[in-house]
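Each chain is listed here by its residues.
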Amino acid sequence: MKELKIWMNGRLVPNEEAVLPVNSAAVFYATNVFEGLRAYWNPADEELYCFRLEEHFGRFRESMKMMRFTIPYSDEDLFQAVREVLAGNEVREDIHMHLVAYVLGAGMEATGPTGLYINPRRRGRLSNAGLRCCVSSWARTSDNAIPIRLKCGANYQNGRLALLQAKADGYDAPIFLNQRGEVAEGTGASFFMVRKGQIVTPPVTSDILESITRATLIEEICPNILGMEVVERDIARTELYVAEEAFFCGSGYEITPIVSVDRFPLGDGAVGPITERLLHAYMDIVRGEDKRYQSWRTPTYSAVTV
Ligand code: PMP
C-alpha cells in the first residue's frame, strides 16, 4: 500500500522528513492543538467529501486562541492545505486526517511562530461488535487545570494513561469520570447511554470536549431522524452498570457501541437497537446517502470554497 505523504508548511514530505526541532515548545511541552476528521470517498462522484469541515476549522481556531497561539491561517488557507494533502497523495479512499498546529519557538512563553502539518491516515472502524469498557481510576482533567473542551495534544496524556491502564486490565477502552465523580467521556470520543428509554449524555460543563459528532446527534439525528430528544444531564457511575445501551461517538469513532462496563453487560450484552439505528443514520449522512445534509459534506476535488 502506498505510503501517504504529510503536508508540512506548504510541502508534501515523507514521514521521516516531517520532523520538529527538539527545543521547540511543540516537542518539549506538547504545545500543539489539533483536529481529527474524516473524508469519505464517493466512487460515483469520484469525489472525497470532508464531514463538517467548517465546524472542525472553527474548533481548531478556538483551540489556537485558548492555548494562546499566534494564528496565521485563514479558513481558506486551511482548506487549501487539506486539498493539497489529499490531491498530492491522490487519495481515492476513505481517509482520516490530523490537522496539527504547533509552536516552533522555544520555552514556556512561546506563542509562535505557528507551524501546520496535516497527516492523512488510513483508519478503519474501531469496533462494530462493541467495546468492553471499564470506569477508569484516572479522573478526567478538569477544565480549570487545562482547557479540556478543546483539542490540545497535552490533554491526551490523560487519555493515554487511562487507555494503557484499561488495556493492561483486560478491557478495550476506559470511560472517564470527571473530578466531581460524574461520567465525562472516553479517551477520544463522547459518551452516550440509553437509560429507561431515553438517550442521555453528559453536558458540555462536565469536563468534556465540545464534540462535533455529539452536536450532530443532539441537534439533528436523534430528534429529527429517530424522533428522540437527547437529555443532557450528569450521569452517575452506577447508572453505567444498569444502562440498556451505550456508545462512544466522534469523528474517528463514528458511532462505536459499548457492550459492557466493568464487566456488567448492558442490556442483553449485544449492540443495542437504538445504537444500531444511530450508527446507520450517521453513516448514511456522512456518505451522502441521506441527501438532506449535503451542506455538511465539503467536496475537496471540485473547485469550491468553505
Ligand atoms: N472527546 C475527545 C476527548 C476526543 O478526542 C474526541 C475526538 N475529537 C471526541 C470527544 C469527539 O469529538 P468530535 O466528534 O468532534 O470528533
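Located above this text is the structure these notes cover.
Described below are features of the structure shown in this document. These figures come from a predicted structure and were not determined experimentally.

Criteria and cut-off values
- Residues numbered from 1 in each chain as written.
- Predicted model: local features only at pLDDT ≥ 70, side-chain atom pairs only at ≥ 80, totals over all residues.
- Heavy atoms only, no water.
- Near = heavy atom within 4 Å.
- Polar contact = N/O pair within 3.5 Å; in protein donor to acceptor, adjacent residues only side chain to side chain.
- Areas by Shrake-Rupley, 256 points an atom, 1.4 Å probe, with all protein chains shown as cover.
- 1 Å grid on protein atoms, 1.4 Å probe; cavity = no way out; pocket = protein on both sides within 12 Å on 5 of 7 lines; lining within 4 Å.
- Sits in = over half its atoms within 2 Å of the grid points.
- Helix = DSSP H or I, 4+ residues; strand = E, 2+ residues; numbered from the N terminus.
- Nonpolar A, V, L, I, M, F, W, Y, C, P; charged D, E, K, R; others polar.
- Phe/Tyr/Trp six-rings, centres within 6.5 Å; stacked < 30°, edge-to-face > 60°.
- Lys NZ or Arg CZ within 6 Å of the ring centre and 35° of its normal.
- Buried < 20%, exposed > 50% of the residue type's maximum accessible area, 1.4 Å probe, protein only.
- Salt bridge = Lys/Arg side-chain N within 4 Å of Asp/Glu carboxyl O.
- Contact = heavy atoms within 4.5 Å.
- Pairing = 2+ DSSP bridges.
- Lys, Arg positive; Asp, Glu negative; His and termini not counted.

## With respect to the site of the ligand
Logical step 1: Around the ligand lies a shell of 16 residues, among which K151, Y156, E185, T213 and S251 are the nearest.
Logical step 2: The separation between an oxygen atom of the ligand and a polar side-chain atom of R59 is 2.7 Å.
Logical step 3: A total of 380 Å² of accessible area belongs to the ligand in isolation, and the protein chains cover 96% of it.
Logical step 4: A majority-of-atoms criterion places the ligand in the largest pocket.
Logical step 5: Broken down by secondary-structure element, the contributors of at least two residues to the shell around the ligand are α5 (212–226) and β12 (245–250).
Logical step 6: A per-class count over the shell around the ligand returns 5 nonpolar, 7 polar and 4 charged.

## Description of the packing of aromatic side chains
Logical step 1: Taken as a whole and assessed by the stated rule, the structure comprises 10 aromatic pairs.
Logical step 2: An angle of 70° between the planes, with centres 4.9 Å apart, marks the rings of F28 and Y29 as edge-to-face.
Logical step 3: The aromatic ring of Y171 is capped on one face by R263, whose charged end is 4.3 Å from the ring centroid.

## Examining unusual backbone geometry
Logical step 1: Going from G112 to P113, the amide bond is cis rather than trans, its omega being -10°.
Logical step 2: Counting through the fold element by element, P113 comes out in the loop between β5 (95–103) and β6 (114–121).
Logical step 3: The phi dihedral of R68 is positive, around 60°, even though this residue is not glycine.
Logical step 4: Structurally, the position occupied by R68 is in the loop between α2 (53–66) and α3 (75–88).
Logical step 5: In this structure R68 comes out as exposed when scored by relative accessible area, which is 65%.
Logical step 6: Look at D207: it is not a glycine, yet its phi comes out positive at around 65°.
Logical step 7: Relative to the assigned elements, D207 resides in the loop between β10 (198–201) and α5.

## Description of the pattern of salt bridges
Logical step 1: All chains considered together, the criterion is met by 18 salt bridges.
Logical step 2: Measuring nitrogen to oxygen at the nearest pair gives 3.1 Å for the salt bridge that ties E55 to R52.
Logical step 3: On the basis of relative accessible area, E55 is assigned to the partly exposed category, the value being 29%.
Logical step 4: Residue R214 is joined to E232 by a salt bridge in which the shortest nitrogen-to-oxygen separation is 2.7 Å. Taken together, the residues span a long stretch of sequence, with R214 in helix α5 and E232 in strand β11 (residues 230–232) at a distance of 18 residues.
Logical step 5: Taken together, the shared-partner salt bridges connect R38, R125 and E254 into one network.

## Digging into the side chain of N155
Logical step 1: Relative to the assigned elements, N155 resides in the loop between β7 (131–139) and α4 (156–168).
Logical step 2: Within the structure, N155 has its side chain in polar contact with the backbone oxygen of P147 (distance 3.1 Å).
Logical step 3: Leave out the neighbours within four places in its chain, and N155 touches R140, I146, P147, I148 and L150.

## Some details on the pairing of β12
Logical step 1: Across the 6 residues that make up β12, a large majority, 6, are buried.
Logical step 2: Here β12 shows a buried face lined by E245, F247 and C249 and a second buried face lined by A246, F248 and G250.
Logical step 3: Pairing between strand β9 (residues 190–195) and β12: 5 bridges, direction antiparallel. Looking at β12, one finds that F192 is bridged to F247.
Logical step 4: Sheet topology places β12 next to strand β13 (residues 254–261); 5 bridges connect them, and they run antiparallel. Opposite F248, over in β13, you have T256 as the bridge partner.
Logical step 5: Once β12 ends, the chain turns through 3 residues before running back antiparallel as β13.

## Topic: the side chain of D207
Logical step 1: Buried and unpaired, D207 has no salt bridge, with R180 as the nearest side chain of opposite charge at 4.0 Å.
Logical step 2: Of note is the side chain of D207, whose polar atom sits 3.0 Å from the backbone nitrogen of D143.
Logical step 3: With sequence-adjacent residues up to four places away left out, D207 is seen in contact with R140, T141, S142, D143, I148, N178, Q179, R180, A184 and E185.

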